[in-house]
Amino acid sequence: MGPPAFPRSIFIESDRIDACMDYAARNHQGRIAISALQRFRLPDISFLARFPWVEYLTILDSEMIDTSAVSSLGRLLRLHISGATKQPLDLAAFPLLRELSVRWWPKLRFGDTLPSLRVLGLSHYAPVSGNLSSLPQIPLLEELGLVQARNLTLSGIDRFPGLTRLTVDYLPRLVDLSPLTAFTDGVLWTLEFGNCPKIEHHDQVRVIRSLRRLAFNKCGEIPSLSFLDDLPALESFSFVGTNIADGSLAPCLRLRFAGFLDKRHYSHRRSDFPSAGTHVKPRSV
């Protein structure tokens, strides 16, 4: 199964709920995890209504459990739900929520605002708008991760100017990166794309001068890396599985790390760059 989403969480066993919850309260700072494949055999999690102090909750295999009782945890700080959830959930019930990671489903209600949220991870997000404008106001959002969204575009990303980290994986039809120009004067430090093969004009990110880490892994073909010269704070660039058409990797020589696969037409080899395991003191901007 691997570890739960939040470190030091304890899996709740349905035949000794009270003992598990007591242990979680005393030793795990209220961090619990629930999984139908980890000794939780009940059809629902209604027992949570007796433990309003829970602040960290992970639910795995949510399609196998009625998750309605999550709404009773008004003190939640962090919530991770994995699986195709079926029951309605209104995030307005969690005014203190700082971190949310879910597989989106139509009965998930974001409300008008998530005032405390700082980290948001969304997979399979498919709003009618086809873009990020359907998300609520999230004034403190710092990290956003988008995964496995077939038709999603990045339009609307400008609504989150305080982002420091944006990761985008498995958006097979994503083409346009122009919405990212909204971060020209922002604080975006990390921008990572993976398995987005139709991206065009990768060089549009050149205006995000705050970038320290950039990745285009398995993202089609980049004509030239000359745009890296316009990113003065950049320290790390990864382009594994992405072809550089002109073959010149010279713009990477000033970086602390470059991750790629050797190709015959490339001007340099991996051995010409520091390895990923090399410890480098972060550079101030």
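The present account deals with the structure reproduced in this document. (Residues numbered from 1 in each chain as written. Predicted model: local features only at pLDDT ≥ 70, side-chain atom pairs only at ≥ 80, totals over all residues. Heavy atoms only, no water.)

Considerations on the overall build of the protein chain
Then comes step 1: Counting its secondary structure elements, the protein chain contains one helix and 16 strands.
Then comes step 2: With the C-alpha coordinates of the protein chain rotated into their principal frame, the extents come out at 60 × 40 × 30 Å.
Then comes step 3: The long-range fraction of contacts in the protein chain, counting pairs at least 24 apart against all pairs at least 6 apart in sequence, stands at 32%.
Then comes step 4: Only carbon and sulfur atoms are counted for the fraction: they give 50% of the accessible area of the protein chain, which is about 13500 Å². (Helix = DSSP H or I, 4+ residues; strand = E, 2+ residues; numbered from the N terminus. Contact = heavy atoms within 4.5 Å. Areas by Shrake-Rupley, 256 points an atom, 1.4 Å probe, with all protein chains shown as cover.)

A look at the nonpolar core
Then comes step 1: Within the largest apolar cluster, 85 residues are counted, with the highest numbers of intra-cluster contacts made by Leu57, Leu180, Phe193, Leu214, Phe216 and Phe237.
Then comes step 2: Setting aside anything within four residues of it in sequence, one finds Phe193 in contact with Leu154, Val168, Asp169, Leu174, Leu177, Leu180, Ile199, Ala215, Phe216, Asn217 and Cys219. (Core = buried A, V, L, I, M, F, W, Y, C linked by side-chain atoms within 4.5 Å. Buried < 20%, exposed > 50% of the residue type's maximum accessible area, 1.4 Å probe, protein only.)

Considering the pairing of strand S10 (residues 165-169)
Then comes step 1: Strand direction decides the pairing type here: strand S9 (residues 143-147) and S10, joined by five bridges, are parallel. Bridged to Val147 within S10 is Asp169.
Then comes step 2: Judged from the five bridges that link them, S10 and strand S11 (residues 190-194) form a sheet pairing that is parallel. Of the residues in S11, the one forming a bridge with Asp169 is Gly194. (Pairing = 2+ DSSP bridges.)

Some words on the sheet that holds strand S2 (residues 31-35)
Then comes step 1: Strand order across the open sheet formed by 12 strands is S1-S2-S3-S4-S6-S8-S9-S10-S11-S12-S14-S16, with parallel pairing between neighbours. The outermost strands of the open sheet, each flanked by one partner alone, are strand S1 (10-11) and strand S16 (257-259).

Notes on unusual backbone geometry
Then comes step 1: In this structure, Asp61 takes a positive phi of about 55° despite not being glycine.
Then comes step 2: The class of Asp61 is buried, set by a relative accessible area of 15%.

What to know about the pairing of strand S6 (residues 99-103)
Then comes step 1: With burial as the criterion, only one face of S6 is covered, namely that bearing Leu100 and Val102; the residues Glu99, Ser101 and Arg103 on the opposite face remain uncovered.
Then comes step 2: Note: strand S4 (residues 78-81) against S6, four bridges, orientation parallel. Paired with Arg78 across the bridge in S6 is Glu99.
Then comes step 3: In this structure, S6 lies alongside strand S8 (residues 119-123), joined through five bridges in parallel fashion. Residue Ser101 lies in a different strand from S8, and its bridge partner there is Gly121.

Some words on the pattern of salt bridges
Then comes step 1: For the coordinates displayed, the defined rule picks out 10 salt bridges.
Then comes step 2: The closest approach of N and O atoms between Arg50 and Asp18, which form a salt bridge, is 3.1 Å. With Arg50 in the loop between S2 and strand S3 (56-60) and Asp18 in helix H1 (residues 17-27), this pair connects stretches of sequence that are 32 residues apart.
Then comes step 3: One network of salt bridges, in which partners are shared, links Glu13, Arg16 and Arg39. (Salt bridge = Lys/Arg side-chain N within 4 Å of Asp/Glu carboxyl O.)

Side note on the packing of aromatic side chains
By convention here, two paired aromatic rings are described through the distance between centres and the angle between planes.
Then comes step 1: For the structure on display, the rule yields 11 aromatic pairs.
Then comes step 2: With a centroid separation of 6.3 Å and 85° between ring planes, the pair formed by Phe110 and Tyr125 is classed as edge-to-face. With Phe110 in the loop between strand S7 (108-109) and S8 and Tyr125 in the loop between S8 and S9, this residue pair connects regions lying 15 residues apart in the sequence. The exposure classification of Phe110 matches that of Tyr125, with both residues buried.
Then comes step 3: For the pair Phe193 and Phe216, a centre-to-centre distance of 5.4 Å together with 10° between the ring planes defines the contact as stacked. One end of the pair, Phe193, is in strand S11; the other, Phe216, is in strand S12 (residues 213-217), with 23 residues separating them in the sequence. (Phe/Tyr/Trp six-rings, centres within 6.5 Å; stacked < 30°, edge-to-face > 60°.)

Section: the side chain of Ser236
Then comes step 1: For Ser236, the position within the fold is in strand S14 (residues 236-238).
Then comes step 2: Classification of Ser236 by relative accessible area gives buried; the value is 9%.
Then comes step 3: Reaching out from Ser236, the side chain makes a polar contact with the side chain of Arg213 at a distance of 3.1 Å.
Then comes step 4: Each residue touching Ser236, except ones within four places of it in the same chain, is listed here: Arg212, Arg213, Leu214 and Phe257. (Polar contact = N/O pair within 3.5 Å; in protein donor to acceptor, adjacent residues only side chain to side chain.)

Concerning the environment of Leu152
Then comes step 1: Residue position: Leu152 is located in the loop between S9 and S10.
Then comes step 2: Classification of Leu152 by relative accessible area gives buried; the value is 2%.
Then comes step 3: Measuring from C-alpha to C-alpha, the distance between Leu152 and Asn131 comes to 5.3 Å, with 21 residues separating the pair along the chain.
Then comes step 4: Not counting the four nearest positions on each side in its chain, Leu152 is found in contact with Tyr125, Pro127, Gly130, Asn131, Leu132, Leu146, Leu171 and Leu174.

Points about the side chain of Ser14
Then comes step 1: Relative to the helices and strands, Ser14 resides in the loop between S1 and H1.
Then comes step 2: Of note is the side chain of Ser14, whose polar atom sits 2.9 Å from the backbone nitrogen of Arg41.
Then comes step 3: Among residues more than four places away in sequence, those in contact with Ser14 are Arg39, Phe40, Arg41 and Leu42.

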